[in-house]
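Observations on chain architecture
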Amino acid sequence: MSEDGDSSLFLARTPIARPHNARSGTFENMDDATPSAPKRRTRFRRSSEPVPFRITDGDALILRQLARYRFLRSTHIAALVGRSLDRTNDRLCRLYHAGYVDRPRAQLDYYPTSGSAPMVYALADLGAQFLAEGGVEFANLEWSRKNREAGRPFIEHQLEIVDFHVALERSTRGRSDVRLIHPEEIIASAPKATREKRDPFALRVGISHNESSSEIAVIPDLVFGLLFPDGSRRCFMVEIDRGTMPITRADGRQSSFERKMCAYLAAHAEGRQMQQFGWRTFRVLVVTTEQPRTSTMIKTLQRVDAPLSPGPALFLFALSHELRVSDPLAHMWQDGNGRAISIT
């Protein structure tokens, strides 16, 4: 019987977990605190004790979610797979010691000072190999190397993107009046030229900024849509701003949030959304850190000259700490003209 109480969920082609140490052929202990374990396992070191382990359908779902999102907290995974946090942690622990998932060591930068923080997980090489055998396509299977190379700022930014995406999933789950359109669904229905691009969501445009002209590509942190019963939809690009990028710069060739806003306005004015995705229009959701920064962004936006674009109304702003306690669909966003707007 599995931890989920259903022995029928075992995957036939992988009856026993592969050894984490392929050279020695031993299996890893899967549980940080099993009764048979002589001592508690360290958080970032896999066990070398040979305890058998079977992969369940639920475990495969966890691996697919990690492949989809790259980095997830245990709390994210529990919400996405519909399990209790205790059961999720148990399976993650087993998957970690078996070598199917990683616990990125960049967490050590902050984990000792916040010991109660949920653990961050990523797909490991064995997990990618398992999914590849089931038909999931990957550009390469060197996930563990990429996990080791990921630094703390990158991981934290990815987790904030996931926070927002998971909040969207939870707020639309079970509703009949609105359905979430995921990024992969948007790409699947996009023109062939878009599907074949290395980064299909990148919007490449020419902009004029502070008396200098340049061609840049703006890549949203997240793209999604909302589909309504009458067949209409609303499409969004999301920017998760952690307060580290300057809002304006004297040199228009350097990165700034103003430059990014100019690119979105130019893309809309040129109809890039129609060319790449078949959308008539879209809005840009900006999740940032504090109200003074929002106010500065809006003032900067209102100075931008962008003919043929929707202007400041293209952007909707919200604070990250408010969204943590609010349904993003019910939340009242502030547009670039200072009006309160719901995205539904």
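Refer to the preceding data block for the structure.
A brief structural summary. Small disclaimer: the values here were computed from a predicted structure and weren't measured.

Conventions used here
Residues numbered from 1 in each chain as written. Predicted model: local features only at pLDDT ≥ 70, side-chain atom pairs only at ≥ 80, totals over all residues. Heavy atoms only, no water. Phe/Tyr/Trp six-rings, centres within 6.5 Å; stacked < 30°, edge-to-face > 60°. Helix = DSSP H or I, 4+ residues; strand = E, 2+ residues; numbered from the N terminus. Buried < 20%, exposed > 50% of the residue type's maximum accessible area, 1.4 Å probe, protein only. Lys NZ or Arg CZ within 6 Å of the ring centre and 35° of its normal. Salt bridge = Lys/Arg side-chain N within 4 Å of Asp/Glu carboxyl O.

Turning our attention to the packing of aromatic side chains. Using the criterion set out here, one finds 11 aromatic pairs in the structure. Look at Phe 164 and Trp 333: their rings are 6.2 Å apart centre to centre, the planes differ by 90 degrees, and that puts the pair in the edge-to-face class. Of this pair, Phe 164 sits in helix α6 (residues 152-172) while Trp 333 is found in strand β11 (residues 333-335), placing the two residues 169 residues apart along the sequence. Judged by its relative accessible area of 0%, Trp 333 is buried. Plain terms: the ring middles of Phe 201 and Phe 277 are 5.7 Å apart, the flat faces sit at 40 degrees to each other, and that makes the pair tilted. Taken together, the residues Phe 201 in the loop between α8 (192-195) and β5 (203-209) and Phe 277 in helix α10 (residues 272-277) connect sequence positions 76 residues apart. Put simply, the rings of Phe 164, Phe 224, Phe 236 and Trp 333 touch in pairs and so form one group of aromatic residues. The ring of Tyr 96 has Arg 103 sitting right over it, with the charged end atom 4.2 Å from the ring centre.

Let's shift gears to the pattern of salt bridges. Across all of its chains, the model carries 19 salt bridges by this definition. In this structure, Arg 68 engages Glu 184 in a salt bridge whose closest nitrogen and oxygen atoms are separated by 3.1 Å. In this pair, Arg 68 is assigned in helix α1 (residues 57-69) and Glu 184 in helix α7 (residues 183-188), connecting sequence segments 116 residues apart. The exposure class of Glu 184 is partly exposed, given its relative accessible area of 43%. In this structure, Glu 156 engages Arg 242 in a salt bridge whose closest nitrogen and oxygen atoms are separated by 2.9 Å. Taken as a pair, Glu 156 in helix α6 and Arg 242 in the loop between β8 (233-240) and α9 (257-269) lie far apart in primary sequence, 86 residues in all. Via salt bridges that share partners, Arg 152, Glu 156, Glu 160 and Arg 242 belong to a single interconnected network.

Worth remembering: the numbers are spatial, not functional.
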